[in-house]
Amino acid sequence: MDLEAVRTFVAVAESGQFQRAAVDLSITQQAVSKRIAALERSLGVRLFTRAPRGAELTIDGQAFLPHARELLRVAERTVASVRTDRRPLRVDMISSRGAASGLMRGFHHAHPEIDLDVLMLLDIETAVAAIRSGAIDASFRAVAAPGRPLPEDIESVRVLDEPLQLMTGPAHALAGARSVTLAQLAGHRIWMPGIHPGSEWAAYYDDLVAEFGLTIEATGPNFGSDALLDTIADTPALATFMSEQTRLVWPADHGLRRIPVTDPTPVYPHSLLWHRDNPHPALTTLRAHLAATAAAHDAAGTWTPDWVIPR
């Protein structure tokens, strides 16, 4: 069905005159008549009758009018879904509890007028493919793992270095420490189920182990953070790493400790990835917001793998 003919029909119905509809649509009255005639032939019914005061809807025209209006609304929503100046900004992040979620909440608070769609994709290959296809506009990642550089059409900028903390239960040997060094963690079992093989965070922890001789175990199924906290609270031999800004709540009787790690402080590097040709206007606003709120980075006192892009 010709949408321009439907739009013309609605204009005539609302104005009651072919001439007035022609003015509203910026076309000639003859073009209005031709469009209405073509629509009537397509439907097989008369939509208007001529009257002294203009054009009046027939019974069939009255029945068709609400559906015609809805058809135009659907067409408008369809176009808006792919227009970057109208559709929401689509942003991917790994977890709803992590630092990226906090960054996006801050952005939403600063720019409530911008519509957002937040997704959670698992691996970087899926995220990069979604960026390149236009399914998402940006993704928070630690950039590509070693040996897997980003495609040339993907831009990235480091937006946050998040310190890791050691989390222990109350009976752990290090539970009373105000801080611990990476050297002190050698020989302690650090349990981190959920390290997905091949992910950028797996590459990060592989380098951390190799650099400082740590023991990180990723054995067993990942039942989520609540189950992890239960196990850490009840098992004196186990500890885990937790990013500083990861938001967690646990029962008071767990007695869990979050202990800063120093000499150096391992920081997890969050970067924003996007396609260099992405035209969404809100993407520029997001990048400017992240640049203005980026946390300070003290390279002398922190550690990241060599393959992480410079800040």
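Quantities reported herein were computed from a predicted structural model and do not represent experimental measurements.

## Thoughts on the overall build of the chain
Right, so step 1: Counting its secondary structure elements, the chain contains nine helices and 13 strands.
Right, so step 2: Summarising its shape, the C-alpha atoms of the chain cover approximately 95 × 40 × 30 Å along the three principal directions.
Right, so step 3: Burial analysis of the chain (311 residues in total) assigns 43% to the buried set.
Right, so step 4: At a minimum sequence separation of 6, the contacts of the chain that also span at least 24 residues come to 74%.
Right, so step 5: Split by element, the accessible area of the chain, about 16000 Å² in all, is 53% carbon and sulfur.
Right, so step 6: Averaging the coordinates of the 29 positive side-chain charges in the chain and doing the same for the 36 negative ones gives two points 10 Å apart.

## Side note on the nonpolar core
Right, so step 1: Judged by nonpolar contacts, the single largest core of 26 residues is most densely connected at Leu166, Leu185, Tyr205 and Phe241.
Right, so step 2: Among the elements of the structure, strand 6 (154-168), helix 7 (200-212), strand 10 (238-243) and strand 11 (257-262) are those that each provide at least two residues to this core.
Right, so step 3: At six residues, helix 7 tops the list of elements feeding residues into this core.
Right, so step 4: Sequence-distant contacts of Phe241, defined by excluding residues within four places in its chain, comprise Leu164, Gln165, Leu166, Leu185, Ile190, Met192, Tyr205, Leu208, Leu214, Ile216 and Val261.

## Re the environment of Glu155
Right, so step 1: You can see Glu155 is positioned in strand 6.
Right, so step 2: Taking the C-alpha atoms as reference, Glu155 lies 16 Å from Arg90; in sequence the two are 65 residues apart.
Right, so step 3: Contact partners of Glu155, with chain neighbours within four places excluded, come to Leu272, Leu273, Trp274 and Arg276.
Right, so step 4: At 3.5 Å, the side chain of Glu155 forms a polar contact with the side chain of Arg276.

## Points about the packing of aromatic side chains
Right, so step 1: Inspection of every chain in the model, using the stated rule, returns eight aromatic pairs.
Right, so step 2: Judged by centre distance (5.1 Å) and plane angle (90 degrees), the rings of Tyr204 and Tyr205 are edge-to-face. For the pair shown, Tyr204 and Tyr205 are each scored as buried.
Right, so step 3: Here the aromatic rings of Phe212 and Trp303 are separated by 5.7 Å at their centres, their planes lie at 75 degrees, and the arrangement is edge-to-face. Placement of Phe212 in helix 7 and of Trp303 in strand 13 (residues 302-303) is noted, with a sequence separation of 91 residues between them.
Right, so step 4: On the accessibility criterion, Trp303 (10% relative accessible area) is buried.
Right, so step 5: Cluster of aromatic residues (ring-pair linked, three or more members): Tyr204, Tyr205, Phe212, Phe241, Tyr268 and Trp303.

## Concerning the environment of Asp2
Right, so step 1: Tracing the chain through its elements places Asp2 in the segment before helix 1 (3-15).
Right, so step 2: Judged by relative accessible area, Asp2 falls into the partly exposed class, the value being 47%.

## A few points about unusual backbone geometry
Right, so step 1: The omega torsion of the bond from Asp263 to Pro264 falls at -15 degrees, within 30 degrees of zero and hence cis.
Right, so step 2: Tracing the backbone shows Pro264 in the loop between strand 11 and strand 12 (265-275).
Right, so step 3: For Ser26, which is not a glycine, the phi torsion comes out positive at approximately 60 degrees.
Right, so step 4: Position of Ser26 relative to the elements: it lies in the loop between helix 2 (18-25) and helix 3 (29-43).
Right, so step 5: Here Asp263, not a glycine, exhibits a phi torsion of approximately 55 degrees, which is positive.

## Observations concerning the pattern of salt bridges
Right, so step 1: Tallying each qualifying case throughout the model produces twelve salt bridges.
Right, so step 2: Of the charged contacts, one joins Glu4 and Arg7 as a salt bridge, the two residues approaching to 2.7 Å between their closest N and O atoms. On the criterion of helical spacing, the pair formed by Glu4 and Arg7 is a turn pair, its members being three residues apart in helix 1.
Right, so step 3: Assessed through its relative accessible area of 31%, Arg7 is described here as partly exposed.
Right, so step 4: Arg69 is the salt-bridge partner of Glu14, the closest N and O atoms lying 3.4 Å from each other. A residue pair is termed long-range when its members are at least 10 positions apart, and Glu14 in helix 1 and Arg69 in helix 4 (residues 59-80) qualify at 55 residues.
Right, so step 5: By relative accessible area, Arg69 is classed as partly exposed at 33%.
Right, so step 6: What you see here is one network of salt bridges that share partners, running through Glu4, Arg7 and Arg35.

## Examining the pairing of strand 5 (residues 138-141)
Residues in a regular strand point their side chains to alternate faces of the sheet.
Right, so step 1: On strand 5, burial covers both faces: Ala138 and Phe140 on one face and Ser139 and Arg141 on the other are all buried.
Right, so step 2: Sheet topology note: the strand 3 (residues 89-92)/strand 5 ladder contains two bridges and is parallel. Along strand 5, the bridge assignment pairs Asp92 with Ser139.
Right, so step 3: Pairing between strand 5 and strand 12: four bridges, direction antiparallel. Paired with Arg141 across the strands is Ser271, a residue of strand 12.

## Looking at the packing of helix 2 against helix 3
Right, so step 1: At a minimum axis distance of 8 Å, the contact between helix 2 and helix 3 shows a crossing angle of 105 degrees. The angle between helix 2 and helix 3 falls in the class roughly perpendicular. Counted together, Phe18, Gln19, Ala21 and Ala22 of helix 2 and Gln29, Val32, Ser33 and Ile36 of helix 3 form the full contact between these two elements.
Right, so step 2: Tallied by class, residues from the contact of helix 2 with helix 3 come to five nonpolar, three polar and no charged.

Definitions and cut-offs
Residues numbered from 1 in each chain as written. Predicted model: local features only at pLDDT ≥ 70, side-chain atom pairs only at ≥ 80, totals over all residues. Heavy atoms only, no water. Helix = DSSP H or I, 4+ residues; strand = E, 2+ residues; numbered from the N terminus. Buried < 20%, exposed > 50% of the residue type's maximum accessible area, 1.4 Å probe, protein only. Contact = heavy atoms within 4.5 Å. Areas by Shrake-Rupley, 256 points an atom, 1.4 Å probe, with all protein chains shown as cover. Lys, Arg positive; Asp, Glu negative; His and termini not counted. Charge placed at Lys NZ, Arg CZ, Asp CG, Glu CD. Core = buried A, V, L, I, M, F, W, Y, C linked by side-chain atoms within 4.5 Å. Polar contact = N/O pair within 3.5 Å; in protein donor to acceptor, adjacent residues only side chain to side chain. Phe/Tyr/Trp six-rings, centres within 6.5 Å; stacked < 30°, edge-to-face > 60°. Salt bridge = Lys/Arg side-chain N within 4 Å of Asp/Glu carboxyl O. Pairing = 2+ DSSP bridges. Axes fitted to C-alpha atoms, helices over the stretch in contact; angles between N-to-C directions. Parallel < 35°, antiparallel > 145°, perpendicular 65-115°, else oblique. Nonpolar A, V, L, I, M, F, W, Y, C, P; charged D, E, K, R; others polar.

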